[in-house]
Amino acid sequence: MMKKLFILLIVIIAQCAAAQNVEFVKKNFEGDKAGLKEALKSIDAGDVLYQQGIYMYNLALPSYLQANNFNPNNALLNFKIGSCYLYSAYKSKSLTYLQKAFSLNPNVDPQIHLLLGEGYHLNMDWDKAIGEFQLYLQNTPAKKENMDNIAAANKGIEECNTGKEMVQHPVRVFIDNLGDAINTKYPEYGPLISADESEMIFTSRRPNTTGGQIDPGSGQYFEDLYISYFKDGKWTPAEDMGPPIDTPDHDATAGLSADGQTLYVYRFKEKDGGDIYESDLQGDQWSKPERMSKKINSPYHESTVSLSPDGNTLYFVSDKPGGLGGRDIYMTQKDDKGKWGDAQNLGPVINTKYDEEGCFIHPDGKTLYFSSKGHNTMGGYDIFKSVYENGQWSEPVNLGYPINSADDDVFFVISGSGKHGYYASAKGDSYGDKDIYMITFLGPEKPLVLNNEDNLLANAVAPVKEMVIAPAMEIKTARTTILKGVITDAITQQPLEASIEIVDIKKNQTIATFSSNSKSGKYLVSLPSGKNYGITVKAPDYLFHSENVNLPDTAAYQVIEKNIALNKVAVGSKIVLENIFFDTDKATLRPESTNELERLIKLMNDVPTLKIEISGHTDNKGSLEHNQKLSESRAQSVVNYLVSKGISASRLQFKGYGMTQPIATNDTDEGRQQNRRTEFKILSK
């Protein structure tokens, strides 16, 4: 017993000796006065930056670390290093230095318990963090100069309680580093993806940045945009996008349209606080980014934007006056002339008295993802989602742990399918700084496996000593259809730049217009479920092409690849009018046919010498005689409509072919539906 007490006494004495505060004075370093002099110079250099505020802490840190190498046992220096790390990309490193500062001198600074609370919080040591926050509150008088820190401590306690709950109920995900094709030892962040995940654009600070200069304010290279493509099951090595997207100054990602054809770039200038610029992909070249409308940009700071799938609504983040907090999310819509209207704050369901950032509207057109320091965050910014239904936004839902952490989780985007999300984080397997990660929302084909070495999914709770396979659950994909393909000339097979018009069949209303790429002919449109869509493809000197895509509310995510070959306006060319609708087994034109008929009228007016034949076709259900009569009557109904709108009857013929000219099998519902059609053929021009 005496032996154990003696050993314990030795340990306590050793700890006390190790915890002795060593000041930077001559008497403590008689043997190395030159080293002391250099260390004091480093401290002075760090203090000049440190005293300018938290935005300069990152620059002060190297000087402080250099002095700490000489004398690691100074309480105040350890406190300052810990403070600097709290505002760096390596926030979790702060705790070690703050703990040492406290052990060397418990009274090193009045904020020591507040910062220790933040350090434990970032390391997800919830109970210790709460204890430190409570100690700070107990020892801090409620004076005006302390109120912000008191509020921070109280909020920290709330966030820790939220974190404890979320860690106990982790969501089923894998979070994977995207690897060295995307990530480097330098910071990568702000990923943007096209809806089909075929391309990614992100921000990085690398030596090959345009201009190759270092930002004196941060000590890091200026920001540039980089691009990578997903080919053959992997990401291609990212390349700097270069001029005109990148300049010698800061250029960062702000948003990308679902089809990847419109890019939004953030640029900072002192006079405007940071604005959003817009660039279009013209062939294989990006246009020079142009500053967006004053309805969006202000003299204040606008950071990120997200375009709705129909291209008519833009969501963006700004800290301009009049909001509910520091940074709020706003929306603006296009008017009849295609101009952006007055911005509207999304209101208190989305925005809080704290900051919101990183808005992203999903290709389904109604699910908004964003980051917030408010709501039920577990620390810093957390990622939330809200759905716009019945004229209002739903209560934001935290995406949960381990997607969210005690640190900032921001600039999250998600694929059209809803299966993959992308964001930047500084995790244990990063290549050096913030890296870009892919989140896979799991289903039965990829069960979640945890073990005691899986720090990503279980690093803050009791270690899992045995393999645990979570019960299978269905992957909930977004109710969205991605329609994509290539538009070409039917004869030459050369890519075409064409206009793609999306119509709400029920409302007879054009809801969006897009263009295929002028060099590749590629197009991509996102179609939220719950509508019957008419899709028309048009190009000068070509006959228009129409498609019909009916997507009920229950339609799950799907990708439809549809390559479209357009026919020149030439004798013999034949087009199926996909969006002509009749009452069942009748020749009565339905109102939903109006847009398609108007397009045909426009073609006849544009080419006033054109003569055409309208033909009706049926499937093989029913008698030959009945189908012949029905097809002829339907063709005649179309001709009668055209004549009623001013097209000369001498330019029109109608004919019914019944079931005699099928274009698909009559053995399936889908085939029979294709055979029930209305066509027009050019007789002369």
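All values reported here derive from a predicted model rather than from experimental measurement.

1. Re the packing of helix 4 (residues 75-86) against helix 5 (residues 94-104)
One way to put it is that helix 4 packs onto helix 5 with a least axis distance of 8 Å and a crossing angle of 155°. The angle between helix 4 and helix 5 falls in the class roughly antiparallel. Between helix 4 and helix 5 the crossing geometry is left-handed. Every residue of helix 5 that contacts helix 4 at A75, N78, F79, I81, G82, S83, Y85 and L86 is listed here: S94, Y97, L98, K100, A101 and L104.

2. A closer look at the packing of aromatic side chains
Aromatic rings considered in pairs are described by the distance between their centres and by the relative angle of their planes. Going through the model one piece at a time under the given rule, you end up with 15 aromatic pairs. With centroids separated by 6.2 Å and ring planes inclined at 75°, the aromatic side chains of Y315 and W393 adopt a geometry described as edge-to-face. With Y315 in strand 13 (residues 313-318) and W393 in strand 19 (residues 392-393), this pair connects stretches of sequence that are 78 residues apart. This pair shows no difference in class: Y315 is buried, exactly as W393 is. These aromatic residues form a ring-pair network of at least three members: Y50, Y57, Y64 and Y87. The ring centre of Y226 lies 4.5 Å from the NZ or CZ of R206, which sits over that ring.

3. Re the environment of R479
Inspection of the secondary structure assignment puts R479 in the loop between strand 25 (468-469) and strand 26 (480-489). Here the alpha-carbon distance between R479 and H250, two residues 229 residues apart in the chain, equals 37 Å. Setting aside its immediate chain neighbours within four residues, R479 contacts D364, P528, S529, D553, A555, A556 and Y557.

4. Some remarks on the pattern of salt bridges
The full count for this structure, using the stated rule, is 27 salt bridges. Close ionic contact of D319 with R327 constitutes a salt bridge, the shortest N to O distance being 3.7 Å. Judged by its relative accessible area of 10%, R327 is buried. Between R599 and E596 there is a salt bridge, with the nearest N and O atoms lying 2.9 Å from each other. Of this pair, R599 and E596 both sit in helix 10 (residues 594-606), 3 residues apart, which is roughly one turn of the helix.

5. Here's the deal with the sheet that holds strand 28 (residues 509-515)
Within a sheet, neighbouring strands are paired by backbone hydrogen bonds and run either parallel or antiparallel to one another. As summarised here, the arrangement of the 4 strands in space is 28-27-30-31, forming an open sheet in which the pairing is antiparallel. Because the sheet does not close on itself, it has two edges, and the strands there are strand 28 and strand 31 (545-551). Taken over all neighbouring pairs, the strand axes of this sheet differ in orientation by 20° on average, direction set aside. In the sheet, strand 30 (residues 531-538) pairs with strand 31 via 7 bridges, with the strands oriented antiparallel. Bridge pairing in strand 31 links Y533 to V549.

6. Regarding the packing of helix 10 against helix 11 (residues 624-644)
The packing of two helices is summarised by the inter-axis angle and the distance between the axes. Contact pair helix 10 / helix 11: the axes reach a minimum separation of 11 Å and the direction vectors enclose 65°. Seen along the crossing, helix 10 lies across helix 11 with a hand that is right-handed. Of the residues in helix 11, those in contact with T594, L597, E598, L600 and I601 of helix 10 are V638, Y641 and L642.

Reading the values: rules and limits
- Residues numbered from 1 in each chain as written.
- Predicted model: local features only at pLDDT ≥ 70, side-chain atom pairs only at ≥ 80, totals over all residues.
- Heavy atoms only, no water.
- Axes fitted to C-alpha atoms, helices over the stretch in contact; angles between N-to-C directions.
- Helix = DSSP H or I, 4+ residues; strand = E, 2+ residues; numbered from the N terminus.
- Parallel < 35°, antiparallel > 145°, perpendicular 65-115°, else oblique.
- Left-handed = near helix turned anticlockwise from the far one by under 90°.
- Contact = heavy atoms within 4.5 Å.
- Phe/Tyr/Trp six-rings, centres within 6.5 Å; stacked < 30°, edge-to-face > 60°.
- Buried < 20%, exposed > 50% of the residue type's maximum accessible area, 1.4 Å probe, protein only.
- Lys NZ or Arg CZ within 6 Å of the ring centre and 35° of its normal.
- Salt bridge = Lys/Arg side-chain N within 4 Å of Asp/Glu carboxyl O.
- Pairing = 2+ DSSP bridges.

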